[in-house]
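# Results of the structural survey
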Amino acid sequence: MTIWPDLACCKMPEPIIRFNDVTKIYPGSPPVLDHLSFTVERGEFLTVIGRSGCGKTTMLKMINGLLLPDSGTVEVEGVNVSGTDLIALRRSIGYVIQNVGLFYHMTVGKNIAYVPSLSRAWDKPTRTRRVAELLDIVGLPRNFADRYPSELSGGQRQRVGIARALALEPAIMLMDEPFGAVDEITRRSLQDELCRLQQTLKVTIIFITHDIREALKLGHRVMVMDAGQVVQLDTPDRICSDPKDHFVRLLLGLD
Amino acid sequence: MLRAIFALYRNRSDWFLELFVAHMRLCGISILIAGIIGLVLGILIAEHRRFAPAVIGVCNVVYTIPSISLLGLLIPLLGVGNKPAITALCIYGVMPMVRNTYTGVSTVEPDLIEAALGMGSTDWQVLWRVKLPMAMSVILAGLRSMVVMIIATGGIAAYIGASGLGVAIFRGITMYNTAMTCAGSILIAALALIADLILSRIEKHLKKTRRMK
């Protein structure tokens, strides 16, 4: 009997995330997502920008199955999200939300080890070691492991949030306006840090933001959304040099 | 008066000790049962909100029945003695537990629940690791008021033949022995105060070690 190597590694590099004609409608209002289709390549840093209510958060929550499409499909690593084990999927995807969502009854160390603890992936020595490593990665002192979130500044909490999302070395990280609530200077250093992290870890990042400068600075590609549709999906350079329509120009402050 | 009370404690120390222990047992069993039922019911209605108004409504109505009449109403069903007394105390005790557990669990910030779900927690893990620990101080406050109330109301249970310090109170009333009534009452008050003190210590300790708000 021939044992075939894992087919996934022999295939052509396929997009890590694929939206196929996805629609999401809440009764009594226009569609949140309106026949949305796009793909994200492995190792890509995609920033998503649009007005409040344009459907960007809904889109993000479909990648880890917190929401499911009414029609169309979302594929992650070639697998349809609607038909898969959502718990396992979510544990394999890093998730950072707006207000960080750190558990204030747990120490920083326990917060960082939260996802591994769900599946008992780490024993105690591994936990101590990995928490220390992750604190290094996000640029926090190791002794922070025993502190509580309430004792940290906003920027430090964001770093813990990122460390928590990175704990099981996910291939994908979803970030929903993670730097929305910190001051300008802290935000800039967090952005630089995230860029560096993304380059060394090669993690695929989908990053939602309100701030066009942030979107252009961080993204390999920028996706502009409006009314549940993609207005333009292109590199920051092309977005700036060739904005597709009035809305994009408005966003760039050109009109 | 005070001298009469202390004389009673001294002369009848065995009897008072017996009543004190019986009172602790009566209330302890009731607190345990009411605590478990209240906690489970509170969690259930917090997870299935559509049942919450009905359950809390029923608890509120039951709570307004005067304790003496609830005890009386239970006699045809359960007879006299400790059994109807424990039942009545449980019925009272469930209310604060249900209300506080429900409030505590259902007011955990939605952001945190979503973070927990989005990271791959099962519903059970969200409940055990996020919701309940965060609701802990509100639940403990409910437990405190329930414990104090049960210990105090437990005194009336002697009216339907239950044991406990109420026996001393009722004997004092029927024999015009005010000192004996006071002696029983003081011990009930002391028991309630001690229980409250212990629980408040636990509450403070939890808040301190977890740096909670």
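## Looking at the environment of Gln158 of chain A
On the secondary structure map, Gln158 of chain A appears in helix 6 (residues 154-166). Measuring from C-alpha to C-alpha, the distance between Gln158 of chain A and Arg187 of chain A comes to 9.7 Å, with 29 residues separating the pair along the chain.

## Regarding the interface of chain B and chain A
Contacts between the two partners involve 17 residues from chain B, matched on the other side by 18 residues from chain A. For the side of chain B that touches chain A, the secondary-structure elements that each account for two or more residues are helix 6 (110-118) and helix 7 (123-153) of chain B. The greatest single-element share of the side of chain B that touches chain A, amounting to 6 residues, is contributed by helix 6 of chain B. Looking at the side of chain B that touches chain A residue by residue, the class counts come to 8 nonpolar, 5 polar and 4 charged.

## Topic: the sheet that holds strand 1 (residues 17-24) of chain A
Spatially, 2-1-4-5 (chain A) is the arrangement adopted by the 4 strands of the open sheet, whose pairing is antiparallel. Of all strands in the sheet, those bounded by a partner on one side alone are strand 2 (33-40) and strand 5 (79-80) of chain A.

## As for the environment of Gly139 of chain A
All names here are of chain A. Turning to its location among the elements, Gly139 is positioned in the loop between helix 5 (124-137) and helix 6. You can call Gly139 partly exposed: it has 15 C-beta atoms within 10 Å. Along the chain, Gly139 and Gln156 lie 17 residues apart, while their C-alpha atoms are 9.1 Å from each other. Each residue touching Gly139, except ones within four places of it in the same chain, is listed here: Arg159 and Glu193.

## A closer look at unusual backbone geometry
Residue and element names in this part refer to chain A. At Asp21, a residue that is not glycine, the phi angle is positive and equals roughly 50 degrees. With respect to the helices and strands, the residue Asp21 is situated in strand 1. In the Ramachandran plot, Glu177 falls in the positive-phi region, its phi being about 45 degrees despite a non-glycine side chain. Its place among the elements puts Glu177 in the loop between strand 7 (172-176) and helix 7 (184-201).

Calculation rules
- Going along each chain's sequence as written, the residues are numbered from 1 onward.
- All chains are assigned letters beginning at A, and all ligands numbers beginning at 1, according to the order in which they are written.
- Note on the predicted model: pLDDT of at least 70 is required for a residue's local features to be given, and 80 or more for side-chain atom pairs to be given and counted; whole-chain, interface and lining totals, by contrast, use all residues.
- Labels follow the DSSP assignment, with helices taken as runs of H or I lasting at least four residues and strands as runs of E lasting at least two, numbered in each case from the N terminus.
- The contact rule is simple: place each C-beta atom from the backbone, and if two of them lie within 7 Å, those residues are in contact.
- All residues other than Ala, Val, Leu, Ile, Met, Phe, Trp, Tyr, Cys, Pro, Asp, Glu, Lys and Arg, Gly among them, are scored as polar; the first ten of these are nonpolar and the last four charged.
- Pairing between strands is defined by DSSP: at least two bridges between the two strands are required.
- To sort residues by exposure, count the other C-beta atoms lying within 10 Å of each residue's C-beta; 20 or more gives buried, 12 or fewer gives exposed, and values between give partly exposed, all with C-beta atoms placed from the backbone.

Function cannot be read off these values alone, since they describe shape.
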